[in-house]
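Here's the letter readout for the chains.
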Amino acid sequence: MILCAGEALIDMLPRETGDGAAAFAPVAGGSVFNTAIALGRLSADVGLVTGLSRDLFGEVLSNALAASDVDSQLAIMSDRPTTLAFVTLTDGHAKYAFYDENTAGRLLEPADMPDPGPEVGTLFFGGISLAVEPCAAAYEALCLKAAEGRVVMLDPNIRPGFIQDEAAFRARLDRMLAVADIVKVSDEDLAWIVGEGPLDESATALRARGPSIICVTRGAEGVEAHRASGVTRVAAQAVSVVDTVGAGDTFNAGFLAGLSEAGALSPEGLASLSEDTLSAALSLGARAAAITVSRAGANPPWRDELP
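Residues numbered from 1 in each chain as written. Predicted model: local features only at pLDDT ≥ 70, side-chain atom pairs only at ≥ 80, totals over all residues. Heavy atoms only, no water.

(A) Representation of empty space enclosed by the protein in the model. One pass over the full model with this rule turns up 2 cavities of 30 Å³ or more. There is about 70 Å³ of room inside the largest cavity. Glu-7, Ala-8, Leu-9, Thr-83, Asp-100, Gly-105, Arg-106, Ile-128, Ser-129, Val-132 and Cys-135 are the residues that line the largest cavity. Every residue along the wall of the second largest cavity is listed here: Gly-127, Ile-128, Ala-131, Pro-156, Asn-157, Ile-158, Arg-159, Phe-162, Ile-163 and Phe-169. Classifying every residue of the lining of the second largest cavity gives 7 nonpolar, 2 polar and 1 charged. (1 Å grid on protein atoms, 1.4 Å probe; cavity = no way out; pocket = protein on both sides within 12 Å on 5 of 7 lines; lining within 4 Å. Points joined across faces, edges and corners; volume = space filled by probe spheres on them. Nonpolar A, V, L, I, M, F, W, Y, C, P; charged D, E, K, R; others polar.)

(B) Broad picture of the packing of aromatic side chains. Applying the stated criterion to the full structure yields 5 aromatic pairs. When the ring of Phe-251 is compared with that of Phe-255, the centres are 5.9 Å apart and the planes differ by 15°; the resulting orientation is stacked. Taken together, the residues Phe-251 and Phe-255, both in helix H7 (residues 247–261) and 4 residues apart, mark about one turn of the helix. Aromatic rings pair up to connect Phe-24, Phe-86 and Tyr-99 into one cluster. Lying across the ring of Trp-192, Arg-170 places its NZ or CZ 3.7 Å from the centre. (Phe/Tyr/Trp six-rings, centres within 6.5 Å; stacked < 30°, edge-to-face > 60°. Helix = DSSP H or I, 4+ residues; strand = E, 2+ residues; numbered from the N terminus. Lys NZ or Arg CZ within 6 Å of the ring centre and 35° of its normal.)

(C) Inspection of the packing of helix H5 (residues 187–194) against helix H6 (residues 199–207) at higher detail. Packing of H5 against H6 brings their axes to within 10 Å, and their N-to-C directions diverge by 60°. Our classification of the angle between H5 and H6 gives oblique. In the crossing of H5 with H6, the sense of the turn from one axis to the other is left-handed. Residues Asp-187, Leu-190, Ile-193 and Val-194 of H5 form the contact with H6, whose participating residues are Leu-199, Ser-202, Ala-203 and Leu-206. (Axes fitted to C-alpha atoms, helices over the stretch in contact; angles between N-to-C directions. Parallel < 35°, antiparallel > 145°, perpendicular 65-115°, else oblique. Left-handed = near helix turned anticlockwise from the far one by under 90°. Contact = heavy atoms within 4.5 Å.)

Take a look at the structure:
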């Protein structure tokens, strides 16, 4: 099983009423939630550990997980409210305003985290849940205690406006990078983490912190994976972009699903990963993300939608 660990929330997406007034539509979302949903739709064995509310929005999230074949038995249930993220779109690019204080997803402690069983072979972390306390400490604790013998993928998904204590966040990121095998970053994320500079040099600097594979997504320029043996590049799919909500999350899922389908999603499999297998996994991630950006909101494709 691939166990995703991180936030599940409600994206309030901009819409118009019948008479043209501005409105928001509640849609299940969250970076890690989206990755779990996309994995389920790609027929991967996937679970999600997160904080879920028993309120009406929590019910929306629980139903969405079940509908996409995501196991939510490890979710931590509470009566606290669900996090809301109000989204504004500019030229198809999303900006967020989070309402996250005292929520079911935020108020998690290290003691709340489960002990993954032997059925969990891969752990995925990321999103805003790594930037805010106390849940950030909880997910870090899970990562550090459960990493040995498993594949760990990390998507920092940097949102500078959401990071209240940059020094603490960077320190946490360094500790998690040290045990991660795969890291996915956008080119903007990469510059924030290691500083401005040539992309190849920056990716090498990030890889030096622990991971063996650095995937850098570059929008219309495609995606590239940096390893000690070199760089593998895959072109982006040409599509008409509706919005970019969930694009990176879907790539993460497609990449992990591609490695899993090839029998390469294990520490041993990554150590002997061939160029062809890596390229195929990158391509599946890119093709899945292209479908997501071609329709409104984070609506990842099902496996039979992909050629």
